[in-house]
Structures are given as structure tokens and as C-alpha cells.
Amino acid sequence: MSQSNENVPVDEQSAREVEEAGLRLGLVDTSDAEAFDKWIRADFRGFHGGAPSKEVLEESRGHLADRRTTAVYDDGIPSKEPVGTVNSWIAPLTVPGGARVNSWAISSVTVAPTHRRRGIARALLGGELRAAHRLGVPLAILTVSESVIYGRWGFGPATFVSEWRIDTKRVRWAGGPTVGRLSFTEPEEYRETGRAVLDAVMAARPGEIGLSAHLADRLIGPLKSSDNPERYRLVRYDSPTGEPEGFVSFGVKGHDDFVRHTVEVNHLAAATDEALTALWRFLLELDLVSEVRAFTRGVDEPLPALVSDVRGAAVASIEDHLWVRILDVPAALTARTYEHDGELVLDVTDDLGLAGGRYRLSVTDGVATVTETTDAADVTLPVASLGSVYLGHDFARALGVAGKIEGDVLALDRLFRTAVPPRLSTWF
Ligand SMILES: CC(C)(COP(=O)(O)OP(=O)(O)OC[C@H]1O[C@@H](n2cnc3c(N)ncnc32)[C@H](O)[C@@H]1OP(=O)(O)O)[C@@H](O)C(=O)NCCC(=O)NCCS
């Protein structure tokens, strides 16, 4: 995976906006431990995390060093810690058809509560999008703490995730015979194999991103900053021919009643259906456990078909997850493939003036060509709505009902939607 850090200077417009607010924008030299630690502390505090220990700081420095790391400073405050943070890097995003498109991944957006609502986030986000646009990166992506924040910058929710609560005293396995071999392992011993399994999973499904070592390791086992790391367990799945094809990392929580432990799945990775069924079966048949909780699963998780009692495996929530911001309409639309042929003129509006325009999208044998046009539009939509339908999620009709896509919504839906919904199974 390519990373971007050095050589992308601060955005001048952002620097001006921050200066007008009496503050200062700067890139953090991530090899300067003292400056980077201040940034990391501000980031943890921004998400109401505990104060990071020396060990956690050291681990975080290692993990985050390659990202382009930006800070806003208030030079008047004694601590000299940033009052605003953001970092970014280029991550490959899998799109329908299997191409992996370089996308500007944005994370660690925080503003100190002492400096909130003065336009710091606005300056930072605008700067990230302009930097990516200047570099010709066609998409920006992020996962969000709150879904009300990023629409104003042209991001739209493009994948959704499900959270599950499975009453394992109620359900029995109904998913047919399972194959392969399961065994306990340790993160240190499994790390390289686990990263390779994750890469196979992430390459295979639209919406998933290529993971840095840090993002992969967090799924394989606990980080120093994880709660109760001693409770984590890791089980690997190997196919009947010995191929590593999946794993599950999970934590077990005790209960006064010893037969009613709760399992919280940290991550379940399955590169094949055989791995998926074997790992789910393992979780559902654990002794001394009454509930399994799983998060960040796809909206098409097959659990209802894998259990004897559908209501014993309940969806606790469905939430927006990956948000996509299209920066270059022709590049984005030609990078993916389509399951139906067709032609549409799209009028894309963009308040930030980065990606707007009228484009003719012609799809033949699943492959798109996109040209600018002045012909009448079949569909008019803001760039956020285009981001929402881009990866194939079934969202166009809802956006049409809400007035956020106008024109021939059904034609747009037929062209963009995919039989397998996109999924992102991690946070970043
Ligand atoms: C979210 C956060 C970064 C916003 O920073 P900020 O500097 O206060 O935001 P700004 O002043 O630049 O606000 C820009 C616009 O976004 C709106 N906005 C910002 N945060 C919002 C929120 N949490 N909910 C609703 N609107 C919000 C502002 O009202 C403003 O809207 P306007 O231009 O229409 O008036 C900050 O509140 C924060 O650090 N929150 C905790 C960490 C977090 O959730 N980060 C996001 C990670 S994905």
C-alpha cells in the first residue's frame, strides 16, 4: 500500500483560515517524538480516550508515523498541545469489479472542546480535500464518530454495517457441515499470516480498504491501548488442504452465572464461505457462553440462515459506516464496473467546486466511459449522493424519496447497485 506523508505541504487556504482565527496550522514531524506525543495526546483526548501511557505513546508513534499528520496550535496556551488534529494517507479502496482505487483516507479529526465551533474542523477538512484533489486522488474516505458531520463536505454514507446479538442458549447451528481445522494461536505467532488473510478479504469485497500493518494488527489482536487485552483470544481457520483462510479474535466477559459468559467479537475475517461457516459455528457453540456480540459486519451477514431460530440472532443495529467523497467523477466512475449496461447524463453539484459538472456515463459490457457534456441531465444529484451510491449499496431509491437525487432515480439505481452489497469491516 502506498502511504502519503512527506511532500504534501499544508494547504494555503486552510492555513489562512486558521490564522484568521488567531491560530496556526502546521504539519507534524512524526520523527520528533516530543511534538508527535503532544499530537497523539490531543487525538486520544479528542475521542475521550484515557491519557496514553508511555508504552501506548510509543506504540502509536510506530503505527501512525507514515501518515500525513496535521495540527492546529493556539500559541497562547501553556501546554503547547494541538487544539486540532487530523491525519491522512492513501489507502486502496476495493470497488465493484475488484479494482483497488487510491483513496485519501482521513482519520483523527479532533478539535479540543476548549476551541470547538470556531471553524477549525472546516479548515482542516477543506485542506485535506484540496490536497487530495491537487494530487489527483479520485476519492476521499472516512469512518465517522457521528453521522451529522461530514455531509457538508460532500461525503455520503456508502457502506452500512450490522451489529449482532446472538442468544447462543437459544440457537442451534443450522448451517450444514463445516470443514477445515480450527486452532488457538497467538497474535505474535500469527501476525504475518493474519495480515495476508486480511489482505485477501479486503481485496475481495467492494468497500474494504487495504490495511496498514497497524490497522491489520488491531484486528488480529489487542493493541496496548485496548481494554482488557488479557481477555482476547485468537482462533485461526485453515482449509482442509492447510491454507490459512480466516480467523476470529474475540474477548470473553464473565458473568455471575458461570454458564453465561458474553463473547465480544473483535474481528472475524473469512476469505472463503468455508472459513466463515466454521468460525461462526465455533462462536455459536462455545460452552459457558450465552451471548455472542459481533460488530461491523456486512448488511448481508448470513447469520439468519446459519441458525435454527432466526430471532435468536438479532440485528442490534444497522449504521452508516464508510463515507465516500468523490473528487474526480470520471476517474471514480470508470474505476468500477457495472452489472448492467446503460447510459445516463449525470449533473453533479459540488458546493466546494471540486468535482461538479455534467457527465455522460456510458456502460458497455460492464465497462464505463465518462465524458463531459452539455446535454440535458437524466439525473441531478449532489456529490454526496453520488458517493453514497458509488460502491453499489442499495441507497439510490431512498435518496430519491428524500429529494437528494432528482430525475430518473430508478435508472441510476439499476446502473450503480450491485448484487453483493459493499462492506467495510473495520474502522480507521
Ligand atoms: C467534530 C469536531 C471535529 C468539529 O470540530 P469544530 O472545529 O467544532 O467544527 P467547525 O467549527 O469547523 O464546524 C464546521 C461545521 O460543522 C458543524 N459541526 C461540527 N461538528 C458537529 C457535530 N458534532 N454535530 C453537528 N454539526 C457539527 C458546525 O456546526 C459547523 O456547521 P456550519 O458551518 O453549518 O455552522 C469536534 O466537535 C470534535 O473534535 N468532536 C469530537 C471528536 C469527533 O467526533 N471527531 C470526528 C471524528 S470522525
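Whatever comes next refers back to the structure up there.
Residues numbered from 1 in each chain as written. Predicted model: local features only at pLDDT ≥ 70, side-chain atom pairs only at ≥ 80, totals over all residues. Heavy atoms only, no water.

A.B. asks: If you had to explain a positive patch on the surface to someone new, which residues and values would you point to?
C.D. replies: On the surface, R116, R117, R122 and R152 cluster together into a patch of positive charge. Mapping R117 onto the fold places it in the loop between β4 (100-111) and α4 (120-135). (Patch = residues over 30% accessible without salt bridge, like charges linked within 9 Å, V, L, I, M, F, W, Y side chains within 5 Å. Areas by Shrake-Rupley, 256 points an atom, 1.4 Å probe, with all protein chains shown as cover. Salt bridge = Lys/Arg side-chain N within 4 Å of Asp/Glu carboxyl O. Lys, Arg positive; Asp, Glu negative; His and termini not counted. Charge placed at Lys NZ, Arg CZ, Asp CG, Glu CD. Helix = DSSP H or I, 4+ residues; strand = E, 2+ residues; numbered from the N terminus.)

A.B. asks: For the sheet that holds strand β5 (residues 139-143), give the residues involved together with the corresponding values.
C.D. replies: On the basis of which strands lie adjacent, the open sheet formed by seven strands has the order β1-β2-β3-β4-β5-β14-β6 and mixed pairing. The open sheet is flanked by β1 (24-27) and β6 (156-157), the only strands paired with a single partner. Bridge analysis of β4 against β5 gives three bridges, and the strand direction is parallel. Paired with A105 across the strands is I141, a residue of β5. (Pairing = 2+ DSSP bridges.)

A.B. asks: Describe helix α2 (residues 33-46), and please don't skip the residues or the numbers.
C.D. replies: Taking 1.5 Å per residue, 14 residues should reach 20 Å; α2 reaches 19 Å between its end C-alpha atoms and fits that length. Residues of α2 that are buried include every one of F36, D37, W39, I40, A42, D43 and F44, and no others. In this structure, the buried side of α2 is in contact with α3 (54-64), β2 (68-73), β3 (84-94) and β4. Where α2 ends, the next residue or the one after it, H48, has phi of about 60°, a positive value. (Expected span 1.5 Å × (residues − 1). Buried < 20%, exposed > 50% of the residue type's maximum accessible area, 1.4 Å probe, protein only. Contact = heavy atoms within 4.5 Å.)

A.B. asks: Outline the sheet that holds strand β15 (residues 342-349), listing residues and values.
C.D. replies: Strand order in the open sheet formed by five strands is β17-β16-β15-β18-β19, and the pairing between neighbours is mixed. Every other strand in the sheet has two partners, leaving β17 (367-372) and β19 (406-407) as the edge strands with one partner each. Where β15 meets strand β18 (residues 379-382), four bridges bridge the pair, whose relative direction is parallel. Residue L346 lies in a different strand from β18, and its bridge partner there is V379. Across the sheet, helix α10 (residues 383-390) is in contact with β15 and β18; its angle to β18 comes to roughly 100°. Packing against the sheet, helix α12 (residues 409-416) makes contact with β15, β16 (357-364), β18 and β19, and its axis sits at approximately 110° to β15. (Axes fitted to C-alpha atoms, helices over the stretch in contact; angles between N-to-C directions.)

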